[in-house]
Amino acid sequence: MTNTKRSVTGTAPLLGTRALNRATLDRQLLLRPAQLSVAAAVEHLVGLQAQNVKPPYYALAARLDGFTPEALSRLMADREAVRIVTMRSTIHTHTADDCLTLRPLVQPARDRELVTFRKGLAGVDLDRLAGLARDLVEAEPRTMTQLREALLREWPGADPQALAVAARCRLPLVQVTPRGLWGRSGQVRLTTAEHWLGRPAQPAPAPDAVVLRYLAAFGPASVKDMQAWAGMTRLRDAFERLSPQLVTFRDEMGVELFDLPDAPRPDPETPAPPRFLPEFDNLLLSHADRTRVVPPEHRGRSWQGNLAHRTLLVDGFLAGLWRLEEDALVIEPFEGLTRAQRDEVTAEGERMLRVMHPGSSYDIRFGVVRG
């Protein structure tokens, strides 16, 4: 198997941690508010992780000039954006076009995922299961419980959870609205992407095309970085095919990094304003080596078990957590902030609250520094 973390010679230009940080923040639209439409931003970012309903809204509020939650809600209500399992077997908000191409791209990974559930699926014809599940959800959007119960009637000896997972892995199931709309609630009900969007899935794009999109949104990056983002393996060949049109660097550990020649790589001392990011923000999840954003001393501090916290960036790096209480935005820095940094964080917090909760009144409090 090809080593995806190969070291390169000292002749490749070095990109230090701050240089990688600023380049990634620029690609992620976090150095300055971007003047992009919501659809263009979601497409550029190759989707937004969306385990919960609210994170994509806060993610865009941190990135876009003039963003309103209603703008993303409207895209979803108009079926121009959807929630679907794609990268890393996690729910993402994608544009309709990306939904119909990226899901086929990661389908082999979803098929491999079923190996974990093979005991619970003994004797189950997966092609028949997929066909039956498709008929069920296209006749009427179903909850996972409804889908599981229907499939269990066909295979009473199978593991119920494994049957539901098999349907999710074999079919491109989207969560229908009102689930995912801002200020609305609703159970997760599922149908196929083709049925919801009224058009067929497209052929999976060549990995090479997705490599270029990944680098535009997350680069400079290693092969292993992209594999971590996509939840896919064996992407080295795509990078090698593209290498004549890419530039290469090395990080401080000597790992080879690829990038688009004309992509922005700002000066490492470029100011990076504070940013309030949601739980599951792709900035923190899309590289195998996360030190470009997460200082080693803060590794693991944005998670507790399976729970992800909302995170605060200061000077471009993970620097604390935040949460909204009934009447307050509570900010918990990991280390002491200077007066100037506190003022900047407060100003950004006020901006975020105006965007996400206009007309509401919140105090801004700095909580106890976590150990």
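Structure: see above.
Note that the structure is predicted; figures quoted are calculated from it, not measured.

Novice: Explanation requested: the overall build of the protein chain in the structure shown.
Specialist: The number of helices and strands found in the protein chain is 13 helices and 14 strands. Overall size of the protein chain, expressed as C-alpha extent along the three principal axes, is 65 × 55 × 40 Å. A burial count over the protein chain gives 54% of its 371 residues as buried. Counted over contacts in the protein chain with a minimum sequence separation of 6, partners at least 24 positions apart contribute 68%. On the protein chain, roughly 16,600 Å² of surface is accessible, and the fraction owed to carbon and sulfur atoms is 50%. Of the charged side chains in the protein chain, 48 are positive and 45 negative; the average position of the first set lies 3 Å away from that of the second.

Novice: What should I look at first to understand the environment of D125 in this one?
Specialist: Within the fold, D125 resides in the loop between α5 (96-113) and α6 (126-139). We classify D125 as partly exposed; its relative accessible area is 40%. There is a polar contact of 3.0 Å between the side chain of D125 and the backbone nitrogen of R128.

Novice: So what exactly am I meant to see when it comes to unusual backbone geometry here?
Specialist: In most cases, non-glycine residues show a negative phi, while peptide bonds are predominantly trans. In the segment running from T177 into P178, the intervening peptide bond is cis, with an omega of 20 degrees. For P178, the position within the fold is in the loop between β4 (173-175) and β5 (190-192). Of the consecutive residues G219 and P220, the connecting peptide bond is found in the cis state with omega at -5 degrees. Mapping P220 onto the fold places it in the loop between α10 (207-218) and α11 (223-230). The backbone of V46 sits at a positive phi, close to 55 degrees, despite the residue not being glycine. Structurally, V46 can be placed in the loop between α2 (38-44) and β1 (48-49). Look at V46 and you get buried, because its relative accessible area is 1%.

Novice: What exactly am I supposed to notice about the pairing of strand β11 (residues 310-314) here?
Specialist: Sheet faces and side chains relate simply in a regular strand, where the side chains alternate between the two faces. Across the 5 residues of β11, 5 count as buried, placing the element largely inside the fold. Going residue by residue along β11, you find R310, L312 and V314 tucked away on one face and T311 and L313 tucked away on the opposite face as well.

Novice: Could you clarify how one ought to interpret empty space enclosed by the protein in this entry?
Specialist: In this approach the atoms are scanned with a rolling probe the size of a water molecule, which exposes any empty space left behind. Counting across every chain of the model gives 3 cavities of 30 Å³ or more. Within this model, the largest cavity holds a volume of roughly 60 Å³. Taken together, P278, E279, F280, D281, L284, L285, S302, W303, A308, H309 and T311 make up the lining of the largest cavity. The space that makes up the second largest cavity amounts to roughly 50 Å³. In this structure, the second largest cavity is lined by L48, Q49, P55, A59, R63, P278, E279, F280, D281 and N282.

Novice: I keep staring at the sheet that holds β4 and nothing clicks. Help me out?
Specialist: What holds strands together in a sheet is hydrogen bonding between their backbones, with the strands either parallel or antiparallel. In spatial order, the strands read β1-β3-β2-β4-β5; together these 5 strands make up an open sheet with antiparallel pairing. Of all the strands in the sheet, the pair left with one neighbour each is β1 and β5. With 3 bridges connecting them, β4 and β5 associate as antiparallel partners. Paired with V174 across the two strands is T191, which belongs to β5.

Novice: Just to check I follow, could you spell out the pattern of salt bridges for this structure?
Specialist: Two side chains carrying opposite charge are able to pair once their charged atoms lie near each other. The tally for this structure, following the rule as stated, stands at 26 salt bridges. Among the ionic pairs, E113 bridges to R110, the shortest N-O distance being 2.9 Å. Residue E113 and its partner R110 are located together in helix α5, separated by 3 residues, close to a single helical turn. For E113, a relative accessible area of 18% gives the class buried. Several salt bridges converge on common partners, so that one network encompasses R18, R22, E269 and D315.

What counts and what doesn't
Residues numbered from 1 in each chain as written. Predicted model: local features only at pLDDT ≥ 70, side-chain atom pairs only at ≥ 80, totals over all residues. Heavy atoms only, no water. Helix = DSSP H or I, 4+ residues; strand = E, 2+ residues; numbered from the N terminus. Buried < 20%, exposed > 50% of the residue type's maximum accessible area, 1.4 Å probe, protein only. Contact = heavy atoms within 4.5 Å. Areas by Shrake-Rupley, 256 points an atom, 1.4 Å probe, with all protein chains shown as cover. Lys, Arg positive; Asp, Glu negative; His and termini not counted. Charge placed at Lys NZ, Arg CZ, Asp CG, Glu CD. Polar contact = N/O pair within 3.5 Å; in protein donor to acceptor, adjacent residues only side chain to side chain. 1 Å grid on protein atoms, 1.4 Å probe; cavity = no way out; pocket = protein on both sides within 12 Å on 5 of 7 lines; lining within 4 Å. Points joined across faces, edges and corners; volume = space filled by probe spheres on them. Pairing = 2+ DSSP bridges. Salt bridge = Lys/Arg side-chain N within 4 Å of Asp/Glu carboxyl O.

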